[in-house]
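Letter by letter, the chains look like this.
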Amino acid sequence: MTTLSHFETFVEVAQSGSFAAAARTLALPRSTITARIKALESALGTALFHRTTRQVRLTADGQTYLAQVQPALAALAAAGENLKSSQVPKGLVRMSVPVDLVQPSFARALSSFQELYPEVLLDVHVSDQTVDLVRDGFDLALRGLRVTTDNAVMRKIASNRMVAVARPDVAARSGFEDLMKAGSVMDPIGAFEEASAKPFGFKTRNFQLAKEMLLATDNAGLLPRAICADELASGDLVELPVDIELPEIPLFVVLPSGRHVSKRVRLFVDHLVSAFR
């Protein structure tokens, strides 16, 4: 069975006039070059080259064949380049995102991407459960804490600094240290588990729920700044000074390893990087 590689090898040998030179150009063993030419000649039922110890020359059939194959290969290469450069991205991008990412900044990123590429359909599945990208048919996943990298590659696309926040009336009565001692600091990521004298009476790793609890109770808590940006801007929550540097929450895009990443997926990932700067 002949393939495109057989035709490319034939053209290279014809142009270089040498099996050895063709092998160097194509970065292949000389034996591979010889085997491909023999296979092509066998499939065509004719000799394409006259071989001597000093040179390799095209036969009459080889010259005729070269005149047809060479422009055909050039046309194929040109078609591929034209397709890559001019094709309008279209099709499905299926992703898994965590519950905490469902916030205005992510919605704006989705909306602006659709404005740029209206023929790309974004299928967003919201869940904190671990997914198998290949088995479950996802092009990508967005994850923060505890990223699993088995059979996947990940790229950090953003990070979000944690802040200590509380309602203004709570902050006016007590500082962060006093609230810590009283067990009145909600800590979704466990940053102060060892330092806290008294555990908080409610535990969740969901930042959205933690934010709603802080708005409804006389407590402080740690949240990613992006999660509570609107509340900080409106004054519903205020930032509390803390003596130590609070951690950052990373955001990773996770892609299946060993699989071709389509143009539309690459464009979407690049768009997220730009949107989350």
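Look above for the structure.
Asker: Mind showing me how you'd approach the overall build of the protein chain here?
Answerer: Along the protein chain, the regular secondary structure elements total ten helices and ten strands. Computed over its C-alpha atoms, the radius of gyration of the protein chain comes to 31 Å, more than 25% above the 19 Å expected for a compact globule of 277 residues. Carbon and sulfur atoms make up 52% of the accessible area of the protein chain, which totals about 15700 Å². Put simply, the protein chain has 30 plus and 30 minus side-chain charges, and the middle of one group is 11 Å from the middle of the other.

Asker: Looking at this model, I keep getting lost on the pattern of salt bridges. Mind explaining?
Answerer: Opposite charge on two side chains lets them pair, provided their charged atoms get close. Taken as a whole and assessed by the stated rule, the structure comprises twelve salt bridges. Close ionic contact of Glu41 with Arg51 constitutes a salt bridge, the shortest N to O distance being 2.9 Å. Of this pair, Glu41 sits in helix H3 (residues 30-44) while Arg51 sits in strand S1 (residues 49-51), placing them ten residues apart in sequence. For Glu41, a relative accessible area of 11% gives the class buried. Among the ionic pairs, Arg173 bridges to Asp169, the shortest N-O distance being 3.6 Å. Remark: Asp169 and Arg173 occur in helix H6 (residues 168-173); sequence separation between them is four residues, near one turn of the helix.

Asker: Which parts of the structure should I look at to understand the pairing of strand S5 (residues 140-143)?
Answerer: Within a regular strand, side chains alternate between the sheet's two faces. Every second residue of S5 is oriented toward a common face, with Leu140 and Leu142 on one face and Ala141 and Arg143 on the other, all of them buried. Note that strand S3 (residues 91-97) and S5 share two bridges and pair parallel. Within the sheet, the bridge partner assigned to Met95 lies in S5 and is Leu140.

Asker: Please explain helix H5 (residues 104-116) as it appears in this structure.
Answerer: An α-helix turns once every 3.6 residues. As a result, residues three or four positions apart point the same way. Counted at 1.5 Å a residue, the expected span for H5 with its 13 residues is 18 Å, and the 18 Å between its end C-alpha atoms agrees. Against the buried residues of H5 lie S3, strand S4 (120-126), S5 and helix H10 (263-275).

Asker: Explain the nonpolar core here, please?
Answerer: Soluble globular proteins: nonpolar side chains tend toward being buried together. Counting residues in hydrophobic clusters, the biggest one holds 25 residues, and the most contacted among them are Met162, Val165, Phe176, Leu222, Leu223 and Leu240. Listed by contribution, the elements that provide at least two residues to this core are strand S6 (152-166), helix H7 (176-181), strand S7 (185-186), helix H8 (207-216) and strand S8 (220-224). If you tally residues by element for this core, the top one is S6, at five residues. With sequence-adjacent residues up to four places away left out, Met162 is seen in contact with Ile189, Phe207, Leu222, Leu223, Pro224, Leu246, Pro247 and Ile249. One finds Phe113, Val120, Leu122 and Val265 within the second-largest nonpolar core, a separate group that totals 23 residues.

Asker: Looking at this structure, how should I read the side chain of Arg143?
Answerer: Among the secondary structure elements, Arg143 is positioned in strand S5. Despite its burial, Arg143 pairs with no opposite charge, the nearest such side chain being Asp128 at 5.9 Å. Of the polar contacts made by the side chain of Arg143, one reaches the side chain of Ser96; its length is 2.8 Å.

Asker: Honestly, the pairing of S4 in this entry has me stumped. Any pointers?
Answerer: Sheet topology note: the S3/S4 ladder contains seven bridges and is parallel. When the sheet's bridge partners are listed, Val93 is paired in S4 with Leu122. The handedness of the S3 to S4 crossover, carried by H5, is right-handed.

Asker: Hey, could you run me through unusual backbone geometry in this one?
Answerer: Residues apart from glycine generally show negative phi values, whereas peptide bonds are mostly found in trans. Residue Ala27 is not a glycine yet carries a positive backbone phi of 55°. Locating Ala27 in the fold gives a position in the loop between helix H2 (19-26) and H3.

What counts and what doesn't
- Residues numbered from 1 in each chain as written.
- Predicted model: local features only at pLDDT ≥ 70, side-chain atom pairs only at ≥ 80, totals over all residues.
- Heavy atoms only, no water.
- Helix = DSSP H or I, 4+ residues; strand = E, 2+ residues; numbered from the N terminus.
- Rg over C-alpha atoms; globule rule 2.2 N^0.38 Å.
- Areas by Shrake-Rupley, 256 points an atom, 1.4 Å probe, with all protein chains shown as cover.
- Lys, Arg positive; Asp, Glu negative; His and termini not counted.
- Charge placed at Lys NZ, Arg CZ, Asp CG, Glu CD.
- Salt bridge = Lys/Arg side-chain N within 4 Å of Asp/Glu carboxyl O.
- Buried < 20%, exposed > 50% of the residue type's maximum accessible area, 1.4 Å probe, protein only.
- Pairing = 2+ DSSP bridges.
- Expected span 1.5 Å × (residues − 1).
- Contact = heavy atoms within 4.5 Å.
- Core = buried A, V, L, I, M, F, W, Y, C linked by side-chain atoms within 4.5 Å.
- Polar contact = N/O pair within 3.5 Å; in protein donor to acceptor, adjacent residues only side chain to side chain.
- Right-handed = clockwise from strand over helix to strand, strands pointing away.

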